[in-house]
Amino acid sequence: MTIYALSTAHGVSGLAVIRVSGHLALTALKTLTRKSHFEASVMTRADFHEPESGRLIDKGLCVYFAKPKSFTGEDVVEIHVHGSQIVIDKILHSLGTIQNVRMAEPGEFSKQAFLNNKMDLTAIEAMGDLINAQTEAQLENALSQMGGNLSKLYLSWRKTLIELVAYLEANIDFAEEDIPDDILNNIHSKIDKLITEMNEHLSQKNQGEILRDGYKVVIVGEPNVGKSSLLNLLADRDIAIVSDQAGTTRDALECRLNIAGFPVLITDTAGLRESDNEIEMKGIEITKKKIQESQLVIEMFDDPKKIHSNNTSLKVLNKSDLHNGLNEDNEIINISVIRNEGIDKIINSISENIQKNYDRNQNTIPTKTRYILGIQNSINSLEKSKNINPITHSELMVEELRYAINEVGRITGHVDVEDFLDVIFKDFCIGK
Ligand SMILES: Nc1nc2c(ncn2[C@@H]2O[C@H](COP(=O)(O)OP(=O)(O)OP(=O)(O)O)[C@@H](O)[C@H]2O)c(=O)[nH]1
Ligand SMILES: [Mg+2]
């Protein structure tokens, strides 16, 4: 089946690119352009016509990528036209009139790329992250993952596991063959090493969360200290209602910022105090939950006398226009939201805090929940396999290891059992 879709965004724009993939891609291009020859990978000028009426649709450019040297691994054609709604509609409609050529489903080009071994699932997901990236850190990580850093790690685990299974299988099937004793004895220690590596990798999962959901910063404090005023100033727009009535904010209000190349989610909360107002109490409950979920708490005060010491939060003393502030050596940031003073110090502190919690040189971060679950499942069965004697009960051990292989393999999309046999034949030369 040959598929097509608009690859650029919908809406009026200077250019639009329509992509066609499949064995009829070149035929489709020839039909629309009435040209009989295209050199692969060379951009060419072309006039595009409606196949039925022969009417001109637009003048543009096109390029043909011969399989397998294309994004999907199939013949691919790109049609570059002006980004006008009517031009796009007519090109798409014209492609639809060609037999066995149909509109692509969402993600179908990437699916083809995966099925044709152009990219594994982690690379494809990284491509999605790249398209959605809004900050430097997200971009860096998406590029690293797309370049295969994560899949290399997962494939290396899978390879080690497959080798272990292959040795154990050889023990079952070809008992008379020579299997080095040290390999069987080493199996447990190899499994231990894998578990350690997997756990180390999982310990980076908070970095993945930062990339995905943003570094969570929550502003808390007593009513009226100026929390909502700070949120509005940071966001540069009026998100929260500001008033001199204590207890104005009830819900948690959020804004997304880009600080030092990281996505940051700032949450303004209901002021903390004893209250018998049911709605306000609900807001305070939400505040407590937000504190739990956050990576950084900004605790705000408006009175120097009320500041107490604890090291868990970043302390900010607001309204410095009304009092003398405090010595900043005490790790307190003096600000005045109304005068827009000291806000850069808050931004710097947030930025420093992120750098402490995120290693930018780390290029294997478990970015998706499904990776984390897969690895956890894999660790569970490896833990179980450690209680099994590989010499006397190799079948049972193989079963656990196969499960672990499947879990790791599902992450990258490698779940082919035939690999076991390959390793056996490669390393043991059985049947020579
Ligand atoms: N003088 C002075 N007043 C400020 C400053 N920042 C905020 N305010 C005032 O303090 C009052 C309370 O501000 P909010 O931002 O609503 O305070 P809040 O902490 O969100 O209060 P709740 O939502 O009730 O918990 C408003 O009247 C603000 O204008 C400041 O730097 N100086
Ligand atoms: Mg408020």
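Treat the numbers as computed from the prediction; the structure is a model and nothing was measured.

Concerning the packing of helix H4 (residues 121–132) against helix H5 (residues 136–146)
Phase 1: The geometry of H4 relative to H5 is characterised by a closest axis approach of 8 Å and an angle of 155° between their N-to-C directions. One finds that H4 runs roughly antiparallel with respect to H5. Where H4 crosses over H5, the handedness of that crossing is left-handed. Touching Thr-122, Ala-123, Ala-126, Met-127, Asp-129 and Leu-130 of H4 are Gln-138, Leu-139, Ala-142, Leu-143, Gln-145 and Met-146, all from H5.
Phase 2: Looking at side-chain class alone, the contact of H4 with H5 contains 8 nonpolar, 3 polar and 1 charged residues.

Re the site of ligand 1
Phase 1: In the vicinity of ligand 1, 23 residues are found, and the nearest of them are Gly-226, Ser-228, Ser-229, Thr-249 and Gly-271.
Phase 2: For the shell around ligand 1, the per-class residue count stands at 7 nonpolar, 12 polar and 4 charged.

Thoughts on the confidence of the model for the protein
Phase 1: Considering every residue of the protein, the mean pLDDT works out to 90; 92% of them sit at 70 or more.
Phase 2: Considering each helix and strand of the protein separately, the mean pLDDT is smallest for helix H14 (residues 418–428), with a value of 48, and largest for strand E4 (residues 56–65), with 98.

Considering the nonpolar core
Phase 1: Ranked by size, the top nonpolar core spans 34 residues in total, and within it Val-20, Ala-25, Ala-28, Leu-29, Val-77 and Ile-91 carry the most contacts.
Phase 2: A total of 5 residues in this core trace back to one element, the largest contributor, which is helix H1 (residues 25–33).
Phase 3: Setting aside chain neighbours within four positions, we find Ala-25 in contact with Thr-2, Val-20, Asp-75, Val-76 and Val-77.
Phase 4: Judged by nonpolar contacts, the second largest core, of 33 residues, contains Ala-137, Tyr-215, Val-218 and Ile-346.

Side note on the environment of Arg-212
Phase 1: In this structure, Arg-212 sits in helix H8 (residues 205–213).
Phase 2: As a C-alpha pair, Arg-212 and Leu-139 span 73 residues in sequence and 12 Å in three-dimensional space.

A word on the packing of helix H3 (residues 108–115) against H4
Phase 1: At their nearest, the axes of H3 and H4 sit 10 Å apart, and the two run at 155° to each other. Here H4 runs roughly antiparallel to H3, going by the angle between their axes. For the element pair H3 and H4, the recorded crossing hand is right-handed. Of the residues in H4, those touching H3 at Ser-110, Ala-113 and Phe-114 are Leu-121, Ile-124 and Met-127.
Phase 2: Of the residues in the contact of H3 with H4, the class split is 5 nonpolar, 1 polar and no charged.

Considerations on helix H2 (residues 85–96)
Phase 1: Here H2 is 12 residues long and its end C-alpha atoms lie 16 Å apart, about the 16 Å a rise of 1.5 Å per residue gives.
Phase 2: Looking only at H2, the buried set comprises Ile-88, Lys-90, Ile-91, Ser-94 and Leu-95. Seen along its axis, H2 keeps its buried residues to an arc of 165°; they face one direction. What points out from H2, more than 90 degrees from its buried face, is the exposed set Gln-85, Ile-86, Asp-89 and Gly-96.

Reading the values: the criteria
- Residues numbered from 1 in each chain as written.
- Chains lettered and ligands numbered in written order.
- Predicted model: local features only at pLDDT ≥ 70, side-chain atom pairs only at ≥ 80, totals over all residues.
- Axes fitted to C-alpha atoms, helices over the stretch in contact; angles between N-to-C directions.
- Helix = DSSP H or I, 4+ residues; strand = E, 2+ residues; numbered from the N terminus.
- Parallel < 35°, antiparallel > 145°, perpendicular 65-115°, else oblique.
- Left-handed = near helix turned anticlockwise from the far one by under 90°.
- Contact = placed C-beta atoms within 7 Å.
- Nonpolar A, V, L, I, M, F, W, Y, C, P; charged D, E, K, R; others polar.
- Near = placed C-beta within 6 Å.
- pLDDT = per-residue confidence, 0-100.
- Core = buried A, V, L, I, M, F, W, Y, C linked by C-beta atoms within 7 Å.
- Buried ≥ 20, exposed ≤ 12 C-beta atoms within 10 Å, placed from the backbone.
- Expected span 1.5 Å × (residues − 1).
- Arc of directions from axis to C-beta.

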